[in-house]
Amino acid sequence: MEKIKINLPIIVEGRYDKSALMGYLDAKIITTGGFSIFNDKEKQALLRRISQNGVILLTDSDGGGKQIRRFLQTI
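Everything in this summary refers to the structure shown in the same document. Owing to the predicted nature of the structure, the values given are computational and were not obtained by experimental measurement.

**A look at the sheet that holds strand 2 (residues 10-12)**
Next, step 1: The three strands lie next to each other as 4-2-5, forming an open sheet whose pairing is parallel. Unpaired on one side and paired on the other, strand 4 (29-31) and strand 5 (56-58) mark the two borders of the sheet. Between one strand and the next, the sheet's axes are offset by a mean angle of 25°, whatever the strand orientation.
Next, step 2: In terms of strand pairing, strand 2 meets strand 5 through three bridges, oriented parallel. When the sheet's bridge partners are listed, Ile10 is paired in strand 5 with Ile56.
Next, step 3: Its contacts with the sheet place helix 1 (residues 15-22) against strand 2, strand 4 and strand 5, and it is angled at close to 165° to strand 4.

**Regarding the nonpolar core**
Next, step 1: Judged by nonpolar contacts, Ile11, Ile30, Ile37, Leu47, Ile68 and Leu72 together constitute the single largest core of six residues.
Next, step 2: Once residues within four sequence positions are removed from consideration, Leu72 is found in contact with Ile11, Thr32, Ile37, Leu47 and Leu57.

**A few points about the environment of Arg69**
Next, step 1: Turning to its location among the elements, Arg69 is positioned in helix 3 (residues 63-74).
Next, step 2: Taking C-alpha positions, Arg69 is 11 Å from Ile37, a pair spaced 32 residues apart along the chain.
Next, step 3: Not counting residues up to four positions away in its chain, the partners in contact with Arg69 are Leu57, Thr59 and Asp60.

Analysis parameters
- Residues numbered from 1 in each chain as written.
- Predicted model: local features only at pLDDT ≥ 70, side-chain atom pairs only at ≥ 80, totals over all residues.
- Heavy atoms only, no water.
- Pairing = 2+ DSSP bridges.
- Helix = DSSP H or I, 4+ residues; strand = E, 2+ residues; numbered from the N terminus.
- Axes fitted to C-alpha atoms, helices over the stretch in contact; angles between N-to-C directions.
- Contact = heavy atoms within 4.5 Å.
- Core = buried A, V, L, I, M, F, W, Y, C linked by side-chain atoms within 4.5 Å.
- Buried < 20%, exposed > 50% of the residue type's maximum accessible area, 1.4 Å probe, protein only.

Everything listed here is a matter of geometry and, on its own, says nothing about what the molecule does.
Okay, structure coming up:
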């Protein structure tokens, strides 16, 4: 099966999410590390930098995913 090429970076919560997507997509996939993103200033700066031209944000539909989505919208 040929992987789907995506030009925008994809942000996911964890390494298992990244592993699952890597099987199907040819894209730059970055993990937030879950709630550790709240205190990781280096990763926040990276996400801010790469999101200048848009990103695809995929988080879980649970409460934790909602908190991470809200936080990432503010950085």
